[in-house]
Amino acid sequence: MATKTKSRVRFQERAELLDFLLEVSAITSETLDLDRLLENVADIVRRVIPHELFAILLYNERLKALRIRYAVGHREEVVHNLLVPLGEGITGVAARERRRL
């Protein structure tokens, strides 16, 4: 009986994950405008992980570093001045390795 319950819970979790991924796919394919896309991604993340501070950093080829491209709750000077070189800190290492840590 316990195995049936575990299987049912796993199936439900997978179904919920698939529903979530379908929603992510639909929302992110609504626009090609980067600013709107990043806002949509932030909204999706907020539904899963409530946050007061949030940022999406993108790689800047000219600066060879990550810069904040979308932010919620951060001070303007942080948004405009933060540079994270590849390989520095968790974020920089994850970006350099192109994987989550």
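Definitions and cut-offs
- Residues numbered from 1 in each chain as written.
- Predicted model: local features only at pLDDT ≥ 70, side-chain atom pairs only at ≥ 80, totals over all residues.
- Heavy atoms only, no water.
- Helix = DSSP H or I, 4+ residues; strand = E, 2+ residues; numbered from the N terminus.
- Expected span 1.5 Å × (residues − 1).
- Buried < 20%, exposed > 50% of the residue type's maximum accessible area, 1.4 Å probe, protein only.
- Core = buried A, V, L, I, M, F, W, Y, C linked by side-chain atoms within 4.5 Å.
- Contact = heavy atoms within 4.5 Å.
- Salt bridge = Lys/Arg side-chain N within 4 Å of Asp/Glu carboxyl O.
- Pairing = 2+ DSSP bridges.
- Axes fitted to C-alpha atoms, helices over the stretch in contact; angles between N-to-C directions.

K.L.:
Looking at this structure, I do not really get helix α2 (residues 34–48). What am I missing?
P.N.:
Turn by turn, an α-helix covers 3.6 residues, leaving residues three or four places apart pointing in a common direction. The end-to-end C-alpha distance of α2 is 21 Å, a good match for the 21 Å that 15 residues give at a rise of 1.5 Å each. What α2 keeps buried is the set L38, N40, A42 and I44.

K.L.:
It is not clear to me how the nonpolar core should be interpreted in this structure. Could you clarify?
P.N.:
Nonpolar side chains tend toward joint burial in soluble globular proteins. Counting residues in each nonpolar core, the largest one holds 5 residues, listed as L38, A42, F54, I56 and Y70. Residue assignment for this core shows that the elements contributing at least two residues are α2 and β1 (54–60). Those residues in contact with L38 that sit more than four places away from it in its chain are I56, L58, R69 and Y70.

K.L.:
Just checking my understanding: could you explain the pattern of salt bridges for this structure?
P.N.:
Opposite charge on two side chains permits pairing when their charged atoms draw close. Summed over all chains, the structure comprises 6 salt bridges. Of the charged contacts, one joins K64 and E61 as a salt bridge, the two residues approaching to 2.5 Å between their closest N and O atoms. For the salt bridge of E97 with R96, the shortest nitrogen-to-oxygen distance reads 3.1 Å. E97 sits in the partly exposed class, given a relative accessible area of 37%.

K.L.:
Explain the side chain of N40 to me, please; I cannot follow it from the model alone.
P.N.:
Mapping N40 onto the fold places it in helix α2. Once residues lying within four places of it in the same chain are set aside, the contact partners of N40 are I27, E30 and T31.

K.L.:
Help me understand the sheet that holds strand β2 (residues 65–72) in this model?
P.N.:
By definition, the strands of a sheet pair up through backbone hydrogen bonds, in either a parallel or an antiparallel sense. Strand order in the open sheet made by the 3 strands is β1-β2-β3, with antiparallel pairing throughout. Two strands close off the open sheet at either side, each with one partner strand: β1 and β3 (83–85). Adjacent strand axes in the sheet meet at a mean angle of 35° when their direction is disregarded. Across 3 bridges, the pairing between β2 and β3 is antiparallel. The residue bridging A65 from the neighbouring strand is P85, located in β3.

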